[in-house]
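Residue-level structure breakdown
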Amino acid sequence: MFLFIPGEVLAESPQLPAIDRMEIPKLELDIEVKKIPFSQELDTWDITEETGAAYWLEGSSHPEYGGNTVIAAHYMEYGEPGPLFRVRELQEGDEIILYSENTKYIYKIDRYQYVPDNYMEYLKNRPYALTLFTCSGFNWDTGIWEQRVIVLASLFQIDLIK
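Below you will find a few notes about this structure. The shown structure was predicted, so the numbers you read here are calculated from the model rather than taken from an experiment. (Residues numbered from 1 in each chain as written. Predicted model: local features only at pLDDT ≥ 70, side-chain atom pairs only at ≥ 80, totals over all residues. Heavy atoms only, no water.)

Details of the sheet that holds strand E12 (residues 144–160)
- Within the closed barrel, the 8 strands sit side by side as E1-E2-E5-E6-E11-E12-E10-E9. Their pairing is mixed. This sheet shows a mean twist of 30° between the axes of neighbouring strands, independent of strand direction.
- In this sheet, strand E11 (residues 129–139) lies alongside strand E6 (residues 68–72) in parallel orientation, the contact comprising 5 bridges. Each residue of the ladder has a partner; that of Ile 71, found in E11, is Leu 132. (Pairing = 2+ DSSP bridges. Helix = DSSP H or I, 4+ residues; strand = E, 2+ residues; numbered from the N terminus. Axes fitted to C-alpha atoms, helices over the stretch in contact; angles between N-to-C directions.)

Overview of unusual backbone geometry
- In this model, Glu 28 sits at a positive phi of 55°, which is unusual for a non-glycine residue.
- Here Glu 28 shows up in the loop between strand E1 (21–24) and strand E2 (29–36).
- Given the relative accessible area of 72%, Glu 28 is considered exposed.
- A positive phi angle, near 45°, is found at Tyr 128, a position not held by glycine.
- Among the structural elements, Tyr 128 can be located in the loop between strand E10 (103–116) and E11. (Buried < 20%, exposed > 50% of the residue type's maximum accessible area, 1.4 Å probe, protein only.)

Things to note about the pattern of salt bridges
- This structure, assessed with the given rule, holds 4 salt bridges.
- Between Asp 30 and Arg 21 there is a salt bridge, and its shortest N-O distance comes to 2.7 Å.
- Overall, Asp 30 belongs to the partly exposed group, its relative accessible area being 46%.
- For Glu 89, the salt bridge identified is with Arg 86, shortest N-O distance 2.8 Å. (Salt bridge = Lys/Arg side-chain N within 4 Å of Asp/Glu carboxyl O.)

As for the nonpolar core
- Judged by nonpolar contacts, the single largest core of 24 residues is most densely connected at Met 22, Ile 24, Ile 71, Ile 96, Leu 98 and Leu 132.
- Counting residues per element, the ones that place at least two in this core are E1, E2, strand E5 (54–57), strand E9 (95–99), E10, E11 and E12.
- Contacts of Leu 98, omitting those with residues within four sequence positions, involve Ile 19, Arg 21, Met 22, Pro 63, Thr 69, Ile 71, Thr 103, Lys 104, Tyr 105, Tyr 107 and Leu 130.
- Counting residues in each nonpolar core, the second largest holds 15 residues, with Phe 38, Ile 47, Ala 53 and Phe 133 among its members. (Core = buried A, V, L, I, M, F, W, Y, C linked by side-chain atoms within 4.5 Å. Contact = heavy atoms within 4.5 Å.)

Following this line, the structure appears as structure tokens:
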């Protein structure tokens, strides 16, 4: 089974339109999605200075490829609630919807969990999956977010948008 490995970028078909929007009905969230490149220099994806959107990690799967689509968004943005500030309200069965130019991908949440900030197992490829993550556990002494909230979801339905 192929693993989605940080720093390893998958070739993508130019015919597939980018994921450009994410909706989480339970959170009343409808937000732009931007693709974020992997930084070889930092050995990670850097969304530190990015705000006001969710970020599709370069190298993760497009939903049409049937792998693990990985999206990150901030919990806090410069002292204000970020897009995923209410992530703890999500429960098993809640929907996360990704949109591309003419397609809607509906995922249902399987579970969410807290992991250490250096835990990378959620990047492993899973079939027809969505992994959504954000920061958690801010340490005021170090100024570092020490945990991640990982939301794991499975593709439930694909609809064409007319």
